[in-house]
Amino acid sequence: QVNLVESGGGLVQAGGSLRLSCRASGRTASIHAMGWFRQVPGQEREFVAAIVWSGLRTIYADSVKGRFTISTNNRRDAVYLQMNNLSAEDTAVYYCAAGGLRTGRVRAVEDYSYWGQGTQVTVSS
């Protein structure tokens, strides 16, 4: 079992920045990748970014590329999402996810085994 807890969400004006954090606990040795998804009511959960432990490869959705940066700590039990130049379209509940399968796939919700409860990000325009 892996437990994930997000923090850092809140209200920010358009053009501003937020840094989300996700702390993993439990059987973290089973994790090979972590990612961030976001979801707006009535829509599917959308891939935002992921980082793969092997080589610390990062992957970004086109909608956030160049604005968001995903990173992990040295112990690889936390993941962060630095979000810059936010716009109203970034408003969503952001979820942290952890995956234990080394399939090379990180963009789908099915690629992850564990999820946090989510943190609300609201960007005012």
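Since we're looking at a predicted model, the values are computed, not measured.

Another aspect to go through is the overall build of the protein. Regarding its fold elements, the protein presents zero helices and 11 strands. For 125 residues, the compact-globule estimate of 2.2 N^0.38 gives 14 Å, and the C-alpha radius of gyration of the protein, at 13 Å, lies within 12% of that figure. With respect to the three principal axes, the spread of C-alpha positions in the protein is 40 × 30 × 25 Å. In the protein, which comprises 125 residues, the share counted as buried stands at 45%.

Positive phi outside glycine occurs at R76, with the angle close to 60°. For R76, the position within the fold is in the loop between β7 (68-72) and β8 (78-83). A positive phi angle, near 50°, is found at N85, a position not held by glycine. Turning to its location among the elements, N85 is positioned in the loop between β8 and β9 (92-99).

Moving on: the packing of aromatic side chains. All told, the structure shown has four aromatic pairs when counted by the stated rule. Residues F37 and Y112 carry aromatic rings whose centres are separated by 5.3 Å and whose planes lie at 80° to one another, so their mutual orientation is edge-to-face. Residue F37 is located in strand β4 (residues 33-39), and its partner Y112 is located in the loop between β9 and β10 (114-115); the two are separated by 75 residues in the primary sequence. With a relative accessible area of 7%, Y112 lands in the buried category. Ring geometry for Y112 and W115: centres 6.0 Å apart, planes at 65°, overall edge-to-face.

Right, let's talk about the pairing of strand β6 (residues 57-60) for a bit. Sheet analysis places strand β5 (residues 46-52) next to β6, joined by four bridges and oriented antiparallel. The partner of V52 across the bridge, within β6, is R57. Joining the antiparallel neighbours β5 and β6 is a turn of four residues, in which G55 adopts a positive phi near 80°.

So, about the state of the cysteines. What the rule picks out here adds up to one disulfide. Put simply, C22 and C96 are joined by a disulfide, and their sulfur atoms are 2.0 Å apart. Residues C22 and C96 share a disulfide whose torsion about the S-S bond is about -80°; that sign makes it left-handed. In this pair, C22 is assigned in strand β3 (residues 18-26) and C96 in strand β9, connecting sequence segments 74 residues apart. Residues C22 and C96 agree in their burial class; the two are buried.

Turning our attention to the nonpolar core. Among the nonpolar cores identified, the biggest contains 38 residues, and M34, W36, L81, M83 and Y94 are the most heavily contacted of them. If you tally residues by element for this core, the top one is β5, at six residues. If we skip the residues at most four places from it in the chain, Y94 touches E6, L20, W36, F37, R38, V48, F68, L81, M83, G118, T119 and V121.

Conventions and cut-offs
- Residues numbered from 1 in each chain as written.
- Predicted model: local features only at pLDDT ≥ 70, side-chain atom pairs only at ≥ 80, totals over all residues.
- Heavy atoms only, no water.
- Helix = DSSP H or I, 4+ residues; strand = E, 2+ residues; numbered from the N terminus.
- Rg over C-alpha atoms; globule rule 2.2 N^0.38 Å.
- Buried < 20%, exposed > 50% of the residue type's maximum accessible area, 1.4 Å probe, protein only.
- Phe/Tyr/Trp six-rings, centres within 6.5 Å; stacked < 30°, edge-to-face > 60°.
- Pairing = 2+ DSSP bridges.
- Disulfide = S-S within 2.5 Å.
- Core = buried A, V, L, I, M, F, W, Y, C linked by side-chain atoms within 4.5 Å.
- Contact = heavy atoms within 4.5 Å.

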